[in-house]
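# Analysis of the macromolecular model
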Amino acid sequence: MKIKLIQPKMFPRPMDTKLKTRMAPSLALLTIANLTPKEHEVIIENENVEKIDFDEPVDLVAITVTVDVMNRAVEISKEFQSRNVTVIAGGIHITADPESAVNSFDAISVGMAERVWVKILEDKKNNSLKKIYYDMENIAGEEIVSPDYSSIDNKKYLYTNIISTSRGCPFECDFCYNSCKSVLKTYINRPIDDVIKDINALKTNHIMFIDDNFIGNPKWTKKLLKEIKPLKLKWNAAVTSNIVDMPELLDEMKAAGCQSLFIGFESINSKSIDSVHKVQNSVKRYEKLVEEIHERGIMINASFVFGLDEDDVSVFKNTLEWIVKNKIETVTSHILTPYPGTKLYSSLMEENRIVDFNLSNYNTAHVVYKPKNMTAEELYKGYLWIYKEMYTFKNIVKRLPKSKKQWIPFLAFNLFYRKFGKLTELLCNIVSFKNVGRFFRWVAYFIK
């Protein structure tokens, strides 16, 4: 069979540029490509970087779906179905809310695809396709399949050096997909040898680990760090804030080449944290956490969510002051978004507070519900305001890292990616994304 794997086009947020849409390829599609028996031909199309060829003769289409591209995924499905092409959908939104998706595609894959993808292909061949495929009970890390890195077109992306070491998260925050009833509550790590093989396959010394939680199993993480230390890598990852209780692990991270950590602080208001049951966060220890990380020469990308029920309009000014005071290198901000299937979505539905059901707006940049202690307009304006203020020259200078070795990567990211992202996007169009990608990788390499 000739199989086309598709990533639908995302809708940019107010601060996004094409740098965001071309950041990295889809690991999900690369994994599906590697799961596909060699007797089949596989084509990958990412609508963020290329047009979908609807008229190319194919036997099967598979689409990876996040909530904000669901509407586009349905449009793509209809286009191919009108040409008598079978369409399968999978991904985090399909897994979180399968009931609402099942009728939009010929079949859906819920959860990990490792056990079901070949079965889907066999059923397609035998004209016995089922509507829903799911098989994850007692799944193990040894079953996770590596992405097909050889199929990546490096010219299309800023980064292609992405690796996942695990699946899932041990926590169940109300706004997170892990709170969904249909999501199997699991956290599994891959065999360390498999991770090392992926690192070697990428042929680079800079790695972006894109796990939901790189320290979900700290003992396993320590073992991995000991294995990668001799490789002299430079890497970054996402961790939870309870790493403040793991100073020895932070030491191992520094020794193994960690350059920066993405951390979901979410709010500096402890009542807001409690309201969504983010039990791993302790607001009173945030400054200690930042101090421990900075002392080891590691930079921080802090994630904040605005619009929690304990938030009022003061949250924006207070958060900005905290960010600047603690010299947080960069920030990713979000408007609270009730993803369908989550506990948050269920509770807001029960309270009749969801006002916008257009899933294209569920990209953490729109107010789709009634906030409790501010208006929707105040929430949206505050969200835009904190991004603008974060990247004023004054606040960039105030957040300059203590270590001069970090100045160039810090300034490059804050200026070229955030503050002057549109200009950098224009540069990309002139000199190609491949060359700009080299620049950003050089920025990462610069940190010693």
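What comes next concerns the included structure. Owing to the predicted nature of the structure, the values given are computational and were not obtained by experimental measurement.

### Side note on the sheet that holds strand β11 (residues 234-239)
Taken together, six strands build an open sheet; the order of strands is β7-β10-β11-β12-β13-β14 and the sheet is parallel. Two strands lie at the open edges of the sheet, namely β7 (162-163) and β14 (330-335), each paired on one side alone. Judged from the six bridges that link them, strand β12 (residues 258-266) and strand β13 (residues 299-306) form a sheet pairing that is parallel. Looking at the pairing, Ile-263 lines up with Ala-302 of β13. Contacts from helix α9 (residues 247-255) reach β11 and β12, with the element oriented near 140° to β12.

### Section: the nonpolar core
Membership of the largest hydrophobic core comes to 117 residues, with the highest contact counts inside it found for Phe-80, Phe-105, Phe-214, Trp-235, Met-253 and Phe-265. Taken domain by domain, the makeup of this core includes at least three residues from each of domain 1 (2-135) and domain 2 (161-402). The residues contacting Phe-265, other than those within four sequence positions of it, are Ile-273, Asn-281, Tyr-286, Leu-289, Val-290, Ile-300, Ala-302, Ser-303, Phe-304 and Trp-322.

### A closer look at the pairing of β12
The buried fraction of β12 amounts to seven of the nine residues, a majority that puts the element mostly inside the structure. Judged from the five bridges that link them, β11 and β12 form a sheet pairing that is parallel. For Ala-237, the partnering residue across the bridge sits in β12 and is Leu-261. With respect to chirality, the unit in which β11 leads through α9 into the neighbouring parallel β12 is right-handed.

### Thoughts on the packing of aromatic side chains
A ring pair, where both rings are aromatic, is described by two values, the distance of the centres and the angle of the planes. Scanning the model with the defined rule gives 14 aromatic pairs in all. With 5.0 Å between their ring centres and 45° between their planes, Phe-54 and Phe-80 make a pair best called tilted. Here the residue Phe-54 occupies a position in the loop between β2 (41-46) and β3 (60-64), and Phe-80 occupies one in helix α3 (residues 70-81), the gap between them amounting to 26 residues. For Phe-54, a relative accessible area of 16% gives the class buried. A relative accessible area of 1% places Phe-80 in the buried class. The rings of Phe-265, Tyr-286, Phe-304, Phe-306, Phe-316 and Trp-322 are connected pair by pair, giving a single aromatic cluster. The residue whose ring lies beneath Lys-419 is Phe-393, and the NZ or CZ to ring-centre distance is 4.7 Å.

About the thresholds
Residues numbered from 1 in each chain as written. Predicted model: local features only at pLDDT ≥ 70, side-chain atom pairs only at ≥ 80, totals over all residues. Heavy atoms only, no water. Pairing = 2+ DSSP bridges. Helix = DSSP H or I, 4+ residues; strand = E, 2+ residues; numbered from the N terminus. Contact = heavy atoms within 4.5 Å. Axes fitted to C-alpha atoms, helices over the stretch in contact; angles between N-to-C directions. Core = buried A, V, L, I, M, F, W, Y, C linked by side-chain atoms within 4.5 Å. Buried < 20%, exposed > 50% of the residue type's maximum accessible area, 1.4 Å probe, protein only. Domains from an automatic or database assignment. Right-handed = clockwise from strand over helix to strand, strands pointing away. Phe/Tyr/Trp six-rings, centres within 6.5 Å; stacked < 30°, edge-to-face > 60°. Lys NZ or Arg CZ within 6 Å of the ring centre and 35° of its normal.

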